[in-house]
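So the chains spell out like this:
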Amino acid sequence: MKNLKTLLALGLFTFGAVNAAPVVTDSGSLTIEGTIDTVVAITVTPTDATPLDGTYSGLDLNTAATNLTVANVQEESNSESGYTVTVEYDGLMVHTDGVTTFPYSLSYDGSAITTGSDIVTNDATGAVIDTTKTLGVTYTAADATNLSGTYTGTVDVTIDAI
């Protein structure tokens, strides 16, 4: 009798399993992707009270200056491989006569810059950067051997993604 009950139970179980509704499932997936463009920007802002179109016009060449801050330089980069900043200058301000010169040197964030073209920032961290650094000028005081008048020098600051 016990065997008959077991057989009946197994038969019902098997019959139920065969006739049970199958579980239906389905799935899908989506990969989304986008890009962010590399942006590098440099802004050079003269520090004198009345900057004129990117010109620091307050230099008193009669008085010596050492690392006198003439501009703030804002470096911005989101380059994943980093960026460089290069400062280029010839170290000579030229008189309005186009011939007479007055020597000077520069510093970037307190560090001396060689004349010509000098890399002043080499940041390979690949981080998002927004920082401001100073551009300073150093020169000796003019004397009687210097022609009076206005002297002008050009400083080019360039930022490049690495």
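Quick caveat: nothing in here was measured; it's all calculated off a predicted structure. (Residues numbered from 1 in each chain as written. Predicted model: local features only at pLDDT ≥ 70, side-chain atom pairs only at ≥ 80, totals over all residues. Heavy atoms only, no water.)

1. Let's talk about the layout of surface pockets
To keep it simple, the criterion reads: Here a cavity denotes a set of grid points, spaced 1 Å apart and computed over the protein atoms alone, in which a 1.4 Å probe fits but from which it cannot get out, and a pocket denotes an open set meeting protein on both sides within 12 Å along at least five of seven lines; residues with an atom within 4 Å of a point are reported as lining. Grid points are joined across faces, edges and corners, and a volume is the space filled by probe spheres set on the points. Secondary structure is summarised from DSSP: a helix means a run of H or I of at least four residues, a strand means a run of E of at least two, and numbering begins at the N terminus for each.
Put simply, the largest pocket is a space of about 630 Å³. Thr 55, Tyr 56, Ser 57, Leu 59 and Gly 153 are the residues nearest the centre of the largest pocket, which is lined by 25 residues in total. Going through the elements one at a time, β1 (40-46), β2 (65-77), β9 (129-139) and β10 (151-152) are the ones with two or more residues in the lining of the largest pocket. The greatest single-element share of the lining of the largest pocket, amounting to three residues, is contributed by β1.

2. What about the sheet that holds strand β11 (residues 156-161)?
We apply this condition: When DSSP finds two or more bridges between a pair of strands, those strands are recorded as paired. For helices, the fitted axis covers only the stretch in contact; all axes are lines through C-alpha atoms, and the angles between them, taken along N-to-C directions, range from 0 to 180 degrees.
Taken together, three strands build an open sheet; the order of strands is β8-β3-β11 and the sheet is antiparallel. The open sheet terminates on both sides in strands that have one partner only, identified here as β8 (116-123) and β11. With strand direction ignored, the average angle separating the axes of adjacent strands in the sheet is 20°. Pairing between strand β3 (residues 83-89) and β8: seven bridges, direction antiparallel. Across the sheet, residue Thr 84 finds its bridge partner in β8, namely Asn 122.

3. Digging into the pattern of salt bridges
Our working definition: For this analysis, a salt bridge means a side-chain nitrogen from Lys or Arg found within 4 Å of a carboxyl oxygen belonging to Asp or Glu. With a 1.4 Å probe rolled over the protein chains alone, any residue whose accessible area is under 20% of its type maximum counts as buried; one over 50% counts as exposed, and the rest are partly exposed.
If you walk through the whole model with that rule in mind, you get one salt bridge. For Glu 75, the salt bridge identified is with Lys 133, shortest N-O distance 3.6 Å. Pair noted here: Glu 75 is in strand β2 and Lys 133 is in strand β9, with a separation of 58 residues, a long-range link. When sorted by exposure, Glu 75 lands in the same class as Lys 133, which is buried.

Keep in mind these values describe shape, not function.
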